[in-house]
Amino acid sequence: AVAVGMVYATKLAEQTGLCAGMSHRLSRCLEKYGLPVSPAYPWQTLVPLMELDKKNAGSRAVTMVLPLTWGQCQLVAFPPEELLARLTEIDREDKT
């Protein structure tokens, strides 16, 4: 789950313009070590579980740690509906 989260946090950062060109390199590195880079369950199942994370306590948003560059990150809060839409769009784009 951690490797998948790293890849998708990086893809989200690229999608929102916080970074560029990192997800492909990260995915290749993780795959080299046999780690998964895509979720085993649909985002419709995972996003509600992500809302339970301690970073989100008392909030209606899902807080993600998004990379800006190698070694620098930023916390970004997404409403669950927006996060689901963004993750679904990333998967759709990856399949084309």
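Residues numbered from 1 in each chain as written. Predicted model: local features only at pLDDT ≥ 70, side-chain atom pairs only at ≥ 80, totals over all residues. Heavy atoms only, no water.

## Describing the pattern of salt bridges
Now for step 1: Within the structure shown, the criterion is met by 5 salt bridges.
Now for step 2: The residue Glu-51 makes a salt bridge to Arg-60 at a minimum N-O spacing of 3.0 Å.
Now for step 3: Owing to a relative accessible area of 27%, Glu-51 belongs among the partly exposed residues under this scheme.
Now for step 4: Residue Arg-92 is joined to Glu-89 by a salt bridge in which the shortest nitrogen-to-oxygen separation is 2.6 Å. Here Glu-89 and Arg-92 lie together in helix α4 (residues 80–94), a separation of 3 residues that amounts to about one turn.
Now for step 5: Classification of Arg-92 as partly exposed rests on a relative accessible area of 47%.
Now for step 6: We classify Glu-89 as partly exposed; its relative accessible area is 27%.
Now for step 7: Within this structure, Glu-51, Arg-60 and Glu-81 form a network of salt bridges that share partners. (Salt bridge = Lys/Arg side-chain N within 4 Å of Asp/Glu carboxyl O. Buried < 20%, exposed > 50% of the residue type's maximum accessible area, 1.4 Å probe, protein only. Helix = DSSP H or I, 4+ residues; strand = E, 2+ residues; numbered from the N terminus.)

## Considering helix α3 (residues 43–50)
In an α-helix, one turn spans 3.6 residues, which is why side chains three or four residues apart end up on the same side.
Now for step 1: Those residues of α3 that sit buried are Trp-43, Leu-46 and Val-47. The buried residues of α3 all sit within an arc of 100° when viewed along its axis, so they share a single face. In α3, those exposed residues whose orientation departs by more than 90 degrees from the buried face are Gln-44 and Leu-49.
Now for step 2: Buried residues in α3 make contact with α1 (2–15) and α4. (Arc of directions from axis to C-beta. Contact = heavy atoms within 4.5 Å.)

## With respect to the packing of aromatic side chains
Now for step 1: Here the structure, examined in full by the defined rule, presents 1 aromatic pair.
Now for step 2: A cation over a ring is seen here: Lys-11 above Tyr-8, with NZ or CZ 4.8 Å from the ring centre. (Phe/Tyr/Trp six-rings, centres within 6.5 Å; stacked < 30°, edge-to-face > 60°. Lys NZ or Arg CZ within 6 Å of the ring centre and 35° of its normal.)

## Some thoughts on the pairing of strand β1 (residues 62–69)
Each regular strand displays side chains that alternate between the two surfaces of the sheet.
Now for step 1: In this sheet, strand β2 (residues 72–78) lies alongside β1 in antiparallel orientation, the contact comprising 7 bridges. Considered in β2, the bridge of Pro-67 is made with Cys-73. (Pairing = 2+ DSSP bridges.)

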